[in-house]
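Structural features, examined
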Amino acid sequence: MRAECLFSGIRYELIKGSLDADICDIVDDSRQVSPNAVFVCRRGAVTNGRKYIGDAISRGAAGIIITDEVWDSEDVYDADSMSGSLGYYPDDFFVVVMHDKRYSIGRLCNNFWGYPSRELTVIGVTGTKGKTTVTYMMKKVLETCGCKTGLIGTIEVDDCSSQVQSVNTTPGVVQLHRILHNMVSNGARYCVMEVSSQGIMLGRVSGVDFDIGIFTNISPDHIGKNEHKTFEEYIRWKSTMFSMCRYAVINMDDVYAPCICNGIQVNGAKKCSGVIGYGMNIWSKELYDKISEHMPVYDIHFSLYIGDQLAMAYNGITPGTECECVMPDGDRVPIHIDMPGLFNVYNALAVIAAGDVLGFPRSTVSKALEDICVRGRMECAAVYRGAYVYIDYAHNPVSLENVLKTLRSYFGGKIFCVFGCGGNRAKSRRIGMGMVSGKMADLTIVTNDNPRFEDPEAIMDDIEDGLNAAGAEYIRIPDRKKAIRYGIVHAVAGDVVLLAGKGHETYQDVMGHRTHMDERELIGQILEEEDAGVICGRDN
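This text gives an overview of the structure that appears in the document. Keep in mind that what you see is a predicted model, and the values were worked out from it rather than measured. (Residues numbered from 1 in each chain as written. Predicted model: local features only at pLDDT ≥ 70, side-chain atom pairs only at ≥ 80, totals over all residues. Heavy atoms only, no water.)

Another aspect to go through is the overall build of the protein. A count of helices and strands for the protein gives 16 helices and 26 strands. Taken over 540 residues, the protein has a buried fraction of 57%. Per element, the accessible surface of the protein, about 21800 Å² overall, is 48% carbon and sulfur. (Helix = DSSP H or I, 4+ residues; strand = E, 2+ residues; numbered from the N terminus. Buried < 20%, exposed > 50% of the residue type's maximum accessible area, 1.4 Å probe, protein only. Areas by Shrake-Rupley, 256 points an atom, 1.4 Å probe, with all protein chains shown as cover.)

Among the surface-exposed residues, F453, V510 and M511 lie close enough to one another that they form a single nonpolar patch of about 310 Å² accessible area. With a relative accessible area of 35%, V510 lands in the partly exposed category. (Patch = residues over 30% accessible without salt bridge, like charges linked within 9 Å, V, L, I, M, F, W, Y side chains within 5 Å. Salt bridge = Lys/Arg side-chain N within 4 Å of Asp/Glu carboxyl O.)

Tracing the backbone shows I484 in helix α15 (residues 480-490). Between the alpha carbons of I484 and T447 there is a distance of 9.0 Å; along the sequence they are 37 residues apart. With residues near it in sequence (within four places) discarded, I484 still touches V418, L499, E519, L522, I523 and I526. (Contact = heavy atoms within 4.5 Å.)

Right, let's get into the packing of aromatic side chains. Each aromatic ring pair is described using two quantities: the centre-to-centre distance and the angle formed by the ring planes. Applying the stated criterion across every chain yields a total of six aromatic pairs. Between the aromatic rings of F112 and W113, the centroid separation amounts to 5.1 Å while the plane-to-plane angle is 85°, which identifies the pairing as edge-to-face. Comparing F112 with W113 shows no difference in burial state: the two are buried. Ring centres of Y190 and F360 lie 6.2 Å apart, and the angle between their planes is 50°; on these two criteria the pair is classed as tilted. With Y190 in strand β10 (residues 190-194) and F360 in the loop between α10 (342-358) and α11 (362-368), this pair connects stretches of sequence that are 170 residues apart. (Phe/Tyr/Trp six-rings, centres within 6.5 Å; stacked < 30°, edge-to-face > 60°.)

Whenever strands of a sheet pair, they do so through backbone hydrogen bonds, lying parallel or antiparallel. Taken in spatial order, the five strands of this open sheet run β1-β5-β4-β3-β2, and their pairing is mixed. Of all strands in the sheet, those with a lone pairing partner are β1 (12-16) and β2 (25-27), marking the two edges. Strand-to-strand twist across the sheet, computed as the mean angle between neighbouring axes with direction ignored, equals 25°. With five bridges connecting them, strand β4 (residues 63-67) and strand β5 (residues 94-98) associate as parallel partners. Following the sheet pairing, G63 is matched in β5 by F94. (Pairing = 2+ DSSP bridges. Axes fitted to C-alpha atoms, helices over the stretch in contact; angles between N-to-C directions.)

In this model, α10 (17 residues) spans 25 Å end to end at C-alpha, consistent with the 24 Å of a helix rising 1.5 Å per residue. Within α10, twelve of the 17 residues are buried, which leaves it mostly tucked inside the rest of the structure. If you check which residues of α10 are buried, you get N344, V345, Y346, N347, A348, L349, A350, V351, I352, A353, A354 and G355. Looking one or two places after α10, you find G359, whose phi comes out positive at around 85°. (Expected span 1.5 Å × (residues − 1).)

Where helix α4 (residues 131-144) meets α10, the axes come as close as 9 Å, and the angle between the chain directions of the two elements is 40°. Regarding the angle of α4 to α10, the classification is oblique. Considering only the axes of α4 and α10, their crossing is right-handed. Side by side, α4 and α10 meet where T133, V134, M137, M138, V141 and L142 of the first sit next to N344, N347, A348, V351, A354, G355 and L358 of the second. Among the residues forming the contact of α4 with α10, the class breakdown is nine nonpolar, four polar and no charged. (Parallel < 35°, antiparallel > 145°, perpendicular 65-115°, else oblique. Left-handed = near helix turned anticlockwise from the far one by under 90°. Nonpolar A, V, L, I, M, F, W, Y, C, P; charged D, E, K, R; others polar.)

At a closest axis distance of 7 Å, the pairing of helix α13 (residues 427-440) and helix α14 (residues 456-469) adopts a crossing angle of 45°. Considering the angle they form, α13 stands oblique to α14. Note that α13 runs across α14; the crossing there is right-handed. From α13, K427, R430, I431, G434, M435 and G438 reach across to α14, where they touch I459, D462, I463, D465, G466, L467 and A469. Of the residues in the contact of α13 with α14, the class split is six nonpolar, three polar and four charged.

We now examine the pairing of strand β7 (residues 149-152). Because side chains alternate across β7, one face comprises the buried residues T149 and L151, and the other comprises G150 and I152, equally buried. As judged from the two bridges shared by β7 and strand β8 (residues 156-158), these two strands associate in the antiparallel manner. Paired with L151 across the bridge in β8 is D158. Here β7 folds back onto β8, and the loop between the two strands holds three residues.

Here the focus is the pattern of salt bridges. Counting across every chain of the model gives 32 salt bridges. The shortest N-O distance in the salt bridge between R480 and D449 comes to 3.9 Å. Of this pair, R480 sits in helix α15 while D449 sits in the loop between β20 (443-446) and α14, and the two are 31 residues apart along the sequence. The buried category is assigned to R480, whose relative accessible area is 3%. K502 serves as the salt-bridge partner of E505, at 2.9 Å between the closest nitrogen and oxygen. Residue class for E505 comes out buried when judged on its relative accessible area of 7%. With relative accessibility at 0%, the residue K502 sits in the buried group. Among the charged side chains, a network of salt bridges with common partners joins D329, D331, D356 and R362.

The next point concerns the environment of G106. One can find G106 in helix α3 (residues 101-113). Note on G106: relative accessible area 0%, which makes it buried. Sequence separation of G106 and V208 is 102 residues, and the distance between their C-alpha atoms is 7.4 Å. Excluding residues that lie within four positions of it along the chain, G106 makes contacts with V173, H177, S206 and G207.

Let us look at unusual backbone geometry. Notably, Y115 is not glycine yet its phi reads approximately 50°, a positive angle. Along the chain, Y115 turns up in the loop between α3 and β6 (121-126). At R452, a position not held by glycine, the phi torsion is positive, near 50°. Structurally, the position occupied by R452 is in the loop between β20 and α14.

Let's shift gears to the side chain of T126. Take T126: it is sitting in strand β6. A distance of 3.1 Å separates polar atoms of two side chains, one belonging to T126 and the other to K238. If we skip the residues at most four places from it in the chain, T126 touches K131, V195, I200, I214, F215, T216, K238, M241 and F242. (Polar contact = N/O pair within 3.5 Å; in protein donor to acceptor, adjacent residues only side chain to side chain.)

As structure tokens, then:
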């Protein structure tokens, strides 16, 4: 593609060279630069892309695109800051300054890759909790209905050709559009993706044409120095996603549903064709009127999805849930999922609502949900001497409370809660998780998680502040394998050992270096060392 075609519909300034070059690729990581590629130089959460311009030039880049945030007219030609160790720009090299970086990079990518999201039915899922489970449920439903489906999320990226472990919940904008292009090339018809508030705020989903947006729930989280400044800002960015969606599927039982609906009216009234609600509570007229007041611009199609007859069910080893979904037309759709918890019923209702929007047979959707299992989400990893060992990604107070409440409702024995907290995150999260575990678990085993660039001992001190405030019984074992072992060997039949916080992760992040650590492997090693006879009901 001729370089000039990249900038169609974009406000930019050419400050060096010409746009006659033929471009073969767009990247925002200098290590991925190939001859005749364009390097998008932008400021990330950790570093500034200007540091890597010299590397991009050395790898044969045809030019660079500098966004407003790194642009400085006084030092743009400064050798040290802009050109790295080479100290110059080649004669046939172009430099472009691009304005409105949050949206223009998405347009740039669409110009290059031909608007791949328009070739797909894209379903975005946002919310504090439930994003991963809903995306996997949705993917299973779509594939059961015969639709080739790609997935982008916290655990992995599946472009219908290969599966790669994710780095971020929502990839950077350039990488995201490349993935969507690959999905189209690999024959995908649908894409299901998790959309984080950070991803929205940083413009990672700019240029994506969403067909359906799903809102699961929202609670205070991701608020701190390196994340959102306030809870209000967090809500605002979540609601912004729906300005890019044709239909919004909203959990109307969430206390902040009116705020999300208000955000739709403010940001997306012209594009959003309707709001489909789901929940377990029959909404009062007052709530209906309150939400409707926020959306006078266009017709709102409220569909009432009510899950009832909630009951425990077992597949022979692990507990699950049974209920019925009452559709707006009175049709009753049975739900049986091999995952425990009220929150998983909400996840299933979101998928059923989205399936109705897409016009899929309700019986097929219901059948597809029966044997769903998501790595690191209420995952039963072992059954040892009648005690259950669960792994869950719960890494904030609300998620941990939901998981512990669910386990308490299913099991009558003691609960051993093993967890730590990540570094470079809000201190309040650690104290809150300590208080929740202290109040709801019989014994808390404080251990290490991903300390990142913080002192692990200081993180555990913060957790202990919450535990002490709750008057809890706890023990501190920094080594995670030893902490897990302590819980397993002290549990008896009917007890539960919950490993919270790591979930699907297979690493531990210490000072920017990730070493392999998979809790499933640790459990297997512990059970072998303890000469256990059964792992998850199978002979060891």
